[in-house]
There are 2 protein chains.
Amino acid sequence: MFGAIDHIGVAVEDLDEGIALYRDRLGMREQHRETVEAFGVEAVLLEIGGSHIELLTPISPDSAVARYLDRNGPGMHHVAYRTDDIDAALERLRESSVRLLDEEPRAGIRDSRVAFVHPKSTGGVLTEIVQPSEDTHG
Amino acid sequence: MFGAIDHIGVAVEDLDEGIALYRDRLGMREQHRETVEAFGVEAVLLEIGGSHIELLTPISPDSAVARYLDRNGPGMHHVAYRTDDIDAALERLRESSVRLLDEEPRAGIRDSRVAFVHPKSTGGVLTEIVQPSEDTHG
């Protein structure tokens, strides 16, 4: 159903400090930066072996990432799996009685289509399904 | 410095429930099961696109994973990056003033060599470096 770990979402207080860590100290390549209004975040993707670290910082105080930081402080926020057919993946998850936060895919970073699964169905791990845009490479 | 995300460590109360989720509902291949006495855990690796989900459940009440479960409940515990030279990687991290929990590599799952980085140096993300055994495939 899934081809790979697409990314690990990491909540940070400060994007530039996060970039200094993952790019300068851990040696990952900074690949993309985007404000994703629908999720109330500014995000940076750093590439590692075909997967990514996705640094997330809130631009809105009522975004999920802002609430996460308030409750937990910075740290791992979610894991995302890559699929080439998100509609089929969501249908299979529903058939397996996995509870979805997004019944229909919504627009994500880099024109991807994404949906979140309820962490109660995935052992406390906030899980995202991502179908990358066809013109996304790397 | 790192070739890929080697695995995401996920703390679970019950390994079989975790396998039912990741193998049966999310479609990953169960690859390996091992008791890692040094870490006080029983672990299962499920393969996804060259990376893994590593399910972890405590076999000792004073293991780090037992303490994590007590504090947080089940969820994402750590992320591990793969290297083919862990000694060089640790030296580079030290040179970048990254604080290590393990100054020297220790024995990990499947005869790997592993070391943990202090989460205070990595934005709250417990981070592991893994050099797989040369006879580990997949």
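Figured I'd write up the structure that's included with this text. (Residues numbered from 1 in each chain as written. Chains lettered and ligands numbered in written order. Predicted model: local features only at pLDDT ≥ 70, side-chain atom pairs only at ≥ 80, totals over all residues. Heavy atoms only, no water.)

### Considerations on the interface of chain B and chain A
Argument step 1. Taken together, the contact between chain B and chain A spans 32 residues of the former and 32 residues of the latter.
Argument step 2. For chain B, the biggest contributors to the area lost against chain A are R25(B), L26(B) and M76(B); these three give 23% of the whole.
Argument step 3. Applying the counting rule to chain B against chain A returns 0 salt bridges.
Argument step 4. On the surface where chain B and chain A come into contact, there are 2 residue pairs in polar contact (both at pLDDT 80 or more).
Argument step 5. Those elements that place two or more of their residues in the side of chain B that touches chain A are β1 (4-11), α1 (15-25), β4 (51-58) and β5 (75-82) of chain B.
Argument step 6. Take the side of chain B that touches chain A: its biggest share by element is 6 residues, from β5(B).
Argument step 7. By residue class, the composition of the side of chain B that touches chain A is 19 nonpolar, 12 polar and 1 charged. (Contact = heavy atoms within 4.5 Å. Buried area = accessible area lost by both parts, 1.4 Å probe. Salt bridge = Lys/Arg side-chain N within 4 Å of Asp/Glu carboxyl O. Polar contact = N/O pair within 3.5 Å; in protein donor to acceptor, adjacent residues only side chain to side chain. Helix = DSSP H or I, 4+ residues; strand = E, 2+ residues; numbered from the N terminus. Nonpolar A, V, L, I, M, F, W, Y, C, P; charged D, E, K, R; others polar.)

### Things to note about the relation of the copies chain B and chain A
Argument step 1. In screw terms, the move from chain B to chain A is a rotation of 180° and a rise of 0.0 Å along the axis, fitting with an RMSD of 0.0 Å. With respect to symmetry, the two chain copies, as superposed, fit the operation of a two-fold axis. The rotation axis passes nearest to the C-alpha of M76(B) in chain B, at a distance of 3.6 Å.
Argument step 2. Comparing interface residues between copies, 100% of those in chain B also sit at the interface in chain A, which points to an isologous, same-surface contact. (Least-squares fit on C-alpha atoms with pLDDT ≥ 70 in both.)

### Side note on the sheet that holds strand β7 (residues 113-117) of chain A
Residue and element names in this part refer to chain A.
Argument step 1. If you trace the 8 strands from one edge of the open sheet to the other, you get β2-β3-β4-β1-β5-β8-β7-β6, paired in mixed fashion. The open sheet terminates on both sides in strands that have one partner only, identified here as β2 (29-36) and β6 (106-107).
Argument step 2. Here 7 bridges tie strand β1 (residues 4-11) to strand β5 (residues 75-82), and the two strands are oriented antiparallel to one another. If you follow V10 over to β5, its bridge partner there is M76.
Argument step 3. Sheet contacts for helix α2 (residues 64-72): β1, β3 (41-48), β4 (51-58) and β5; angle to β5, the most-contacted strand, approximately 140°.
Argument step 4. Each of β7 and β8 (127-131) touches helix α3 (residues 86-95); the most contacted strand, β7, lies at about 15° to it. (Pairing = 2+ DSSP bridges. Axes fitted to C-alpha atoms, helices over the stretch in contact; angles between N-to-C directions.)

### As for the sheet that holds β5(B)
Residues and elements named next belong to chain B.
Argument step 1. Pairing is mixed in the open sheet, where 8 strands are placed in the order β2-β3-β4-β1-β5-β8-β7-β6. One side of each edge strand has no neighbouring strand; the edge strands of this open sheet are β2 (29-36) and β6 (106-107).
Argument step 2. Taken together, the 5 bridges between strand β7 (residues 113-117) and strand β8 (residues 127-131) define a ladder with antiparallel strand orientation. Bridge pairing in β8 links V117 to T127.
Argument step 3. Together, β1, β3 (41-48), β4 and β5 form the strand contacts of helix α2 (residues 64-72), whose direction differs from that of β5 by roughly 140°.

### Considerations on the environment of V125(A)
Argument step 1. As for its position among the elements, V125(A) is in the loop between β7 and β8.
Argument step 2. In this structure the C-alpha to C-alpha distance between V125(A) and D102(A), which are 23 residues apart in sequence, comes to 15 Å.
Argument step 3. Beyond its immediate chain neighbours, meaning those up to four positions away, V125(A) contacts V79(A), P119(A), V10(B), Y22(B), G75(B) and M76(B).

### Digging into the packing of aromatic side chains
Residues and elements named next belong to chain A.
Argument step 1. Taken as a whole and assessed by the stated rule, the structure comprises 4 aromatic pairs over all chains.
Argument step 2. Between F2 and Y81, the ring centres sit 5.4 Å apart and the planes meet at 20°, which makes this aromatic pair stacked. Of this pair, F2 sits in the segment before β1 while Y81 sits in strand β5, placing them 79 residues apart in sequence. Considered together, F2 and Y81 belong to a single accessibility category, that of buried residues. (Phe/Tyr/Trp six-rings, centres within 6.5 Å; stacked < 30°, edge-to-face > 60°. Buried < 20%, exposed > 50% of the residue type's maximum accessible area, 1.4 Å probe, protein only.)

### Some points on a negative patch on the surface
Residues and elements named next belong to chain A.
Argument step 1. A contiguous patch of negative charge, built from E13, D14, E17 and D70, is present on the exposed surface.
Argument step 2. Mapped onto the fold, E13 is located in the loop between β1 and α1 (15-25).
Argument step 3. Note on E13: relative accessible area 56%, which makes it exposed. (Patch = residues over 30% accessible without salt bridge, like charges linked within 9 Å, V, L, I, M, F, W, Y side chains within 5 Å. Areas by Shrake-Rupley, 256 points an atom, 1.4 Å probe, with all protein chains shown as cover. Lys, Arg positive; Asp, Glu negative; His and termini not counted. Charge placed at Lys NZ, Arg CZ, Asp CG, Glu CD.)

### Things to note about the pairing of β1(B)
Residue and element names in this part refer to chain B.
Argument step 1. Of all 8 residues that make up β1, 8 are buried, and the element is covered over most of its length.
Argument step 2. Pairing of β1 with β4 involves 5 bridges; the strand directions are parallel. Within the sheet, the bridge partner assigned to G9 lies in β4 and is E54.

### Quick notes on unusual backbone geometry
For residues besides glycine, phi is generally negative; the peptide bonds are generally trans as well.
Argument step 1. Backbone geometry at S97(A) places phi at a positive 65°, although glycine is not the residue there.
Argument step 2. In this fold, S97(A) is placed in the loop between α3 and β6.
Argument step 3. One non-glycine residue, D111(B), lies in positive phi territory at about 60°.
Argument step 4. D111(B) sits in the exposed class, given a relative accessible area of 64%.

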